[in-house]
Amino acid sequence: MRPAAATHSSDLMEVIAARRSQARMRAGLAVGLTLGFGTITGWTWALVWLVLYGSLQAVEYFLLGRRTPPTWAALTLLVTNGVVFGAFAAAGPLRDGVFGLACWICLLCGGQLNSALTSQKSRLAFLAASSPFAVYLATIPFVALWLGAKIHQAIALAAAAVLIVTFTHMIWRAAARALTAESEARARAEAADAAKSAFVAMVSHELRTPISAILAGAAEARGARSEASRESNLELIASSSRMMRALLDDLLDLSKIEAGRMGVETISFDLRRLLLETVRFWAPVARGRGLAFRLEGAHSLPARVEGDPTRVRQILNNLLSNALKFTETGAITLRMAAAPGADGTWDIALEVADTGAGMTAEQMGGLFTAYGQLSQSVARTHGGTGLGLNISRELARLMGGDLTASSAPGQGSSFRLALGLAAAQAAARVPETAPAQTGLRVLIVDDHEINRRAFTLILQGAVDTIATAQNGQEALDTLALERFDLVLMDLNMPRMGGLEAVGILRATPGPNQATPVIALTASAGRAEVSLCLAAGMNAFVMKPVEAAELFRAIENVLDADPAMAAVA
């Protein structure tokens, strides 16, 4: 950050540099004033003034073209210009009395306004340029008295001079504030563009990493000589795919948040189980890095609550992942607390604390900002897009809670998720393995061959017959001829999309009019879900598809009563 003195000097130099580009305009103005006021001031004085003022402009023009003057020289230059410019019509009262005085006042008012409009970037420049005109205006009442004006007339002129100087300062202040606001907005826009450019580069890098691993793993798996080697390469492909999915989920979440289309659901879930599963995942990672993983207050939590378990898990995963990134020694602590609230709700507080390096106040200020890591070195060292905390806070607020942070250099960091969740009744556990039914016939509808092959790989061995279609029209043709137990339907396809196809299927009598349909969609916001259900679909699964999620959806729609199929 530049010192204030350096900033004022820099702003002054900008005004001085801009004057050089206005030299021709000032020369033309001087000629016009000479012709206009020459009859009032006298031609001799007018020509002498024109030569004096023109010489001053020429000296200023050539000097500024060679080097930047020191501050004292720049201020002297501005004051001298004001003195010489304002002196031109001073001869008017001497030669033409009151009319000459009026002409002088007009000239001084113009000089004051010009000072305000050409010195917006620097208060020093404005004061130096406008002071001579203010001094001249202060003498107006005394010149009027010398010309025979009465005392009350002189007082009125003095009041007018004060108003002129005051209004000129107000005009300069308003213009300077507008210019400052414009500069700050431009700087913020440029910073945002730079941050987004860096973010795009970072995302490109983050995507290339798992893609490279997938390509390498696939190549090695193809030529693997042992089952162990093949399994190792397949695990590499799977972990890289999960990495890509996490990245894409962040990007999709951010786009929904920025568009105001992000939504959360409210279902009954086991909060204790969710936290247990989260701890089971991260505790071995912490221990593998030599860190202690501590739990506090788990006994205070209610068993079941109503809320969005996916988003709660997402926030916790982000917080624990960040804590592990920035903690080299010590411990990660997950503190849990719950207290009965009003109307059958629970006030839940989940806090993730670490013993890492901590953050400065400046870093804390940009902590929840999208498109920004704490520094470029953080991105290079730890990877990631820097979106996690921004998305997590937005999700917390969408659920009626908040995400806050506290930290200090050398004292670690603490992130606290506060939520108000309604109490819920116990529910049966949903299977997460392949469906138990045998002899199932499934139609996969997707315009991308890779997707059709991927879903086929997931389902083969779990179902008896798998058929495929490339678009909605082709699916309808197939469904009109054969009976299927389940349809997996993509939404966005050429020729006919999934919503239109299912709408026609439900409205047309045939062997599959009531067959369950699961939507395969890259977006599961409230609007998309409502459209799917309204079209007659029974459930939806987010792309990229995880096998466990697909099997849970299949179990739901196949085990549901016919009357409940529409809300499965």
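Just above sits the structure.
The text that follows walks through the structure, step by step, so that each part is easy to find. Quick caveat, the model's predicted, so the values are computed rather than measured.

1. Points about the packing of helix H2 (residues 23–41) against helix H5 (residues 92–118)
Then comes step 1: For the pair H2 and H5, interaxial distance at closest approach is 9 Å and the crossing angle is 145°. In this structure, H2 uses Leu33, Phe37, Ile40 and Thr41 to contact H5, whose residues at the interface are Gly92, Arg95, Asp96, Phe99, Gly100, Cys103 and Leu107.
Then comes step 2: Split by residue class, the contact of H2 with H5 holds six nonpolar, three polar and two charged.

2. A word on unusual backbone geometry
Then comes step 1: A positive phi angle, close to 70°, is found at Arg495, a residue other than glycine.
Then comes step 2: Following the sequence through the fold, Arg495 ends up in the loop between strand S10 (486–490) and helix H16 (498–507).

3. Details of the packing of helix H10 (residues 309–325) against helix H13 (residues 388–398)
Then comes step 1: Where H10 meets H13, the axes come as close as 10 Å, and the angle between the chain directions of the two elements is 145°. At the point where H10 passes H13, the crossing takes the left-handed sense. Contacts between H10 and H13 pair Arg311, Gln314, Ile315, Asn318, Leu319 and Asn322 from the former with Gly388, Leu389, Ile391, Ser392, Leu395 and Ala396 from the latter.

4. Side note on the pattern of salt bridges
Then comes step 1: Considering all chains together, one arrives at seven salt bridges under this definition.
Then comes step 2: Among the ionic pairs, Arg313 bridges to Glu277, the shortest N-O distance being 3.2 Å. Of the two residues, Arg313 sits in helix H10 while Glu277 sits in helix H9 (residues 271–288), which places them 36 residues apart along the sequence.
Then comes step 3: Overall, Arg313 belongs to the partly exposed group, its relative accessible area being 29%.
Then comes step 4: Glu277 sits in the partly exposed class, given a relative accessible area of 27%.
Then comes step 5: Between Arg335 and Glu296 there is a salt bridge, with its nearest N and O atoms 3.1 Å apart. Taken as a pair, Arg335 in strand S4 (residues 331–340) and Glu296 in strand S2 (residues 292–296) lie far apart in primary sequence, 39 residues in all.
Then comes step 6: Judged by relative accessible area, which is 37%, Glu296 ranks as partly exposed.
Then comes step 7: A network of salt bridges, in which partner residues are shared, links Arg273, Glu277 and Arg313.

5. Here's the deal with the pairing of strand S11 (residues 517–521)
Then comes step 1: Among the five residues in S11, five count as buried, and that is most of the element.
Then comes step 2: Burial of S11 is two-sided: the residues Val517, Ala519 and Thr521 facing one way and the residues Ile518 and Leu520 facing the other way are all buried.
Then comes step 3: Where S10 lies against S11, four bridges are found, and the strand directions are parallel. Each residue of the ladder has a partner; that of Met489, found in S11, is Ala519.
Then comes step 4: With H16 bridging S10 and the parallel S11, this β-α-β connection has right-handed handedness.
Then comes step 5: Note that S11 and strand S12 (residues 539–542) share four bridges and pair parallel. Counterpart to Ile518 in the pairing with S12 is Ala539.

About the criteria used
- Residues numbered from 1 in each chain as written.
- Predicted model: local features only at pLDDT ≥ 70, side-chain atom pairs only at ≥ 80, totals over all residues.
- Heavy atoms only, no water.
- Axes fitted to C-alpha atoms, helices over the stretch in contact; angles between N-to-C directions.
- Helix = DSSP H or I, 4+ residues; strand = E, 2+ residues; numbered from the N terminus.
- Contact = heavy atoms within 4.5 Å.
- Nonpolar A, V, L, I, M, F, W, Y, C, P; charged D, E, K, R; others polar.
- Left-handed = near helix turned anticlockwise from the far one by under 90°.
- Salt bridge = Lys/Arg side-chain N within 4 Å of Asp/Glu carboxyl O.
- Buried < 20%, exposed > 50% of the residue type's maximum accessible area, 1.4 Å probe, protein only.
- Pairing = 2+ DSSP bridges.
- Right-handed = clockwise from strand over helix to strand, strands pointing away.

Geometry only, nothing functional implied.
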